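# A closer look at the structure
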Amino acid sequence: GNNSLDLSGSNNNNNQEQNRLTFAGCATADSKLQPTESRVVPLTSKEQYDLLSFGDYSQRFSFKVGSGLPGRVFSSGGASWEQGIGSAPQSLFERGGGAKQWGIETAL
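Notes on the structure follow. (Residues numbered from 1 in each chain as written. Predicted model: local features only at pLDDT ≥ 70, side-chain atom pairs only at ≥ 80, totals over all residues. Heavy atoms only, no water.)

### What to know about the overall build of the chain
For the chain, the count of helices and strands is 4 helices and 6 strands. Going residue by residue from the N terminus, the α and β elements of the chain occur as α-β-β-β-α-β-α-β-α-β. Taken over 108 residues, the chain has a buried fraction of 23%. Partitioning the intrachain contacts of the chain with sequence separation of at least 6 by distance along the chain shows that 50% fall at a separation of at least 24. Of the roughly 7,700 Å² that the chain leaves accessible, carbon and sulfur atoms contribute 50%. (Helix = DSSP H or I, 4+ residues; strand = E, 2+ residues; numbered from the N terminus. Buried < 20%, exposed > 50% of the residue type's maximum accessible area, 1.4 Å probe, protein only. Contact = heavy atoms within 4.5 Å. Areas by Shrake-Rupley, 256 points an atom, 1.4 Å probe, with all protein chains shown as cover.)

So, in structure tokens, the structure goes:
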């Protein structure tokens, strides 16, 4: 087969399995789409606080390539829109406890 090697001489696939993805920053917003009214409305100060708190909480996590939302996105090379993350099994969304605590329902 065609195995490419990194500069240390190790197989890239083995290195990817050992690497972990860590916090790279978060984005927050000052408005949201109100689905029942199909319009954009400002976030409340509590909603802004909850988003920032979840971002701080997320900094404590790292992910194997292919595991968790960041690992799956990295592995696939494509974005993923995930809903119901506060009630998702930990194997699918490791930060579900924080999502539930701060009322986060969707992640991208």
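Following the structure, the description resumes.
### Here we look at the pattern of salt bridges
Applying the stated criterion across every chain, the model contains 4 salt bridges. Where Asp50 meets Lys46, a salt bridge forms, and the shortest distance between an N and an O atom there is 2.8 Å. Remark: Lys46 and Asp50 occur in helix α2 (residues 45-58); sequence separation between them is 4 residues, near one turn of the helix. Judged by its relative accessible area of 9%, Asp50 is buried. (Salt bridge = Lys/Arg side-chain N within 4 Å of Asp/Glu carboxyl O.)

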